[in-house]
Amino acid sequence: MKKRTYQEYRKFWKELEREPIKTDFPVHLDIELTDACNLKCSFCFQNFMEYKRSLMPYETFTKIIDEGSQNGLCAIKLQSRGESFLHPKIAECIKYAKDNGILDIQVTTNALLLNDEKIDLVVKNGLDVLIISYDLVHAEATQKTPKPMTNEEFTVFIQEVVTKLDKARKKYNSNLKIRIQEAQEDYSAENIAAVERKNKSLFPEADYFLVNPIYSSHEDAPHLANLDQYTFHPCSYLWQRLTLYACGSVTTCSRDYNCKFNRLGNVNSSTVKEIWTSPAMKDLRDRHLGGKREEFHICALCENYLINKETNEAPVGCTGIVYDLKETPTKKLVKLGKYRKK
């Protein structure tokens, strides 16, 4: 079966954002290498997680990639609730995924553990996108660690990391993309533009810049104060991706950080394909498509895929691409295709 190219994968991803197309395997997996973190930020759901932290065994990771490479898996992000660079085999995980045909490998990080050796290894081993969360709350959180930093010291450190990443990608002729993202309480257009200008000036070697809104991360807290003013639309995650936690548990997204609302199974006892095509996933999709998304606790509190009843617009800073269910019914099953090893 023909291997999907990167361009074909991105085109299909865009189609899945606009239509609930049924597939036999997820296009993307969020694979959490660890749920532990080296920081404890005030707004993070790390404060509300209810169980002991763990590392994903390397054998579990390779099992997931082996299955994915046989079923057309296109992309992975090696992060969900924790700091991925705490995993001792992160570079090996990246290399294994790339050697097995995964087209797009991403990691989100606070970057504080990125020393010269780790930078060299992850770039050399094929990382495609490194997303650095440049938030001054991270500098504040370092005050409780053995290496506290001021805001200025934190900024200089991240600048040095970005410069080293840029040098490493030139050294290895890598296509690595660097994204700087920052969360802001003031999500006005003026402030977003100002933050983007500031970060472009601070990190000239970076490729992309993103500003995110800050929301309450508690599992019982609505992410918008006026959810009753919006119409809830189906979440495209249900047709694009799954989240696999370090312990093997599977859910729809990291908003379910205790894996107790949209829990779908565990990769230690089931395959990803079995979970993706399970009755539980079918029920989620059917109820989302049937206007019953609010029957799921996490989905009912989320700010994404909402449209204001009066203005017909999405909330500021939130995903507003929604399915026009009257015009685009679910298509016939699309097989993602088998990927050949490079």
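Calculation criteria
- Residues numbered from 1 in each chain as written.
- Predicted model: local features only at pLDDT ≥ 70, side-chain atom pairs only at ≥ 80, totals over all residues.
- Heavy atoms only, no water.
- Helix = DSSP H or I, 4+ residues; strand = E, 2+ residues; numbered from the N terminus.
- Buried < 20%, exposed > 50% of the residue type's maximum accessible area, 1.4 Å probe, protein only.
- Contact = heavy atoms within 4.5 Å.
- Areas by Shrake-Rupley, 256 points an atom, 1.4 Å probe, with all protein chains shown as cover.
- Lys, Arg positive; Asp, Glu negative; His and termini not counted.
- Charge placed at Lys NZ, Arg CZ, Asp CG, Glu CD.
- Core = buried A, V, L, I, M, F, W, Y, C linked by side-chain atoms within 4.5 Å.
- Pairing = 2+ DSSP bridges.
- Axes fitted to C-alpha atoms, helices over the stretch in contact; angles between N-to-C directions.
- Right-handed = clockwise from strand over helix to strand, strands pointing away.
- Phe/Tyr/Trp six-rings, centres within 6.5 Å; stacked < 30°, edge-to-face > 60°.

A.B. asks: I'd like a description of the overall build of the chain, backed by residues and values.
C.D. replies: For the chain, the helix and strand inventory stands at 11 helices and 11 strands. In terms of overall dimensions, the chain has a C-alpha envelope of 50 × 50 × 40 Å along the principal axes. Across the 342 residues of the chain, 54% fall into the buried class. Summarising the internal contacts of the chain: among those between residues at least 6 apart in sequence, 73% fall at separations of at least 24. Total accessible area on the chain is roughly 16,100 Å²; 50% of this is exposed by carbon and sulfur atoms. The centroid of the 50 positive side-chain charges in the chain is displaced by 7 Å from the centroid of its 47 negative side-chain charges.

A.B. asks: I'd like to hear about the nonpolar core, residue by residue, with values.
C.D. replies: The biggest cluster of nonpolar side chains holds 73 residues, and the ones touching the most others in it are Phe61, Ile76, Leu78, Ile132 and Leu242. A total of 7 residues in this core trace back to one element, the largest contributor, which is helix H6 (residues 151–171). Apart from the residues lying within four places of it in its own chain, the contact partners of Ile132 are Thr109, Ala111, Ile158, Val161, Val162, Leu165, Ile178, Arg179, Ile180 and Gln181.

A.B. asks: Please set out the sheet that holds strand S10 (residues 265–266) residue by residue, giving values where relevant.
C.D. replies: The strand order across the open sheet built from 9 strands is S6-S5-S4-S3-S2-S1-S8-S9-S10, with neighbouring strands paired in mixed fashion. Of all strands in the sheet, those bounded by a partner on one side alone are strand S6 (208–213) and S10. In this structure, strand S2 (residues 75–77) lies alongside strand S3 (residues 104–109), joined through 3 bridges in parallel fashion. Opposite Lys77, over in S3, you have Gln106 as the bridge partner. Sheet strands touched by helix H3 (residues 90–99): S2 and S3. Its angle to S3, the strand with the most contacts, is close to 160°.

A.B. asks: Explain the environment of Thr311 residue by residue, including any values.
C.D. replies: Its place among the elements puts Thr311 in the segment after strand S11 (306–308). For the pair Thr311 and Tyr230, spaced 81 residues apart in the sequence, the C-alpha separation amounts to 9.6 Å.

A.B. asks: Can you tell me about the pairing of S6, naming the residues and giving the values?
C.D. replies: Along any regular strand, the residues point their side chains to alternate faces of the sheet. Pairing of strand S5 (residues 177–184) with S6 involves 6 bridges; the strand directions are parallel. Its bridge partner lying in S6, Ala183 is registered against Asn212. Handedness of the S5-helix H7 (residues 189–202)-S6 crossover: right-handed.

A.B. asks: Hey, could you go over the packing of aromatic side chains for me, with residue numbers and the actual values?
C.D. replies: What the rule picks out here adds up to 5 aromatic pairs. Between Tyr134 and Phe203 the ring centres are 5.0 Å apart and the planes differ by 75°, which places this aromatic pair in the edge-to-face class. With Tyr134 in the loop between strand S4 (129–133) and helix H5 (136–141) and Phe203 in the loop between H7 and S6, the pair connects residues that are 69 residues apart, well separated along the chain. Neither residue differs from the other here; Tyr134 and Phe203 are each classed as buried. On the basis of an interplanar angle of 80° and a centroid distance of 5.6 Å, the ring pair of Trp239 and Tyr323 is categorised as edge-to-face. With Trp239 in helix H8 (residues 237–240) and Tyr323 in the segment after S11, this pair connects stretches of sequence that are 84 residues apart. Across the pair, exposure class does not vary: Trp239 and Tyr323 are buried alike. Members of the aromatic cluster, joined through ring pairs, are Tyr134, Phe154 and Phe203.

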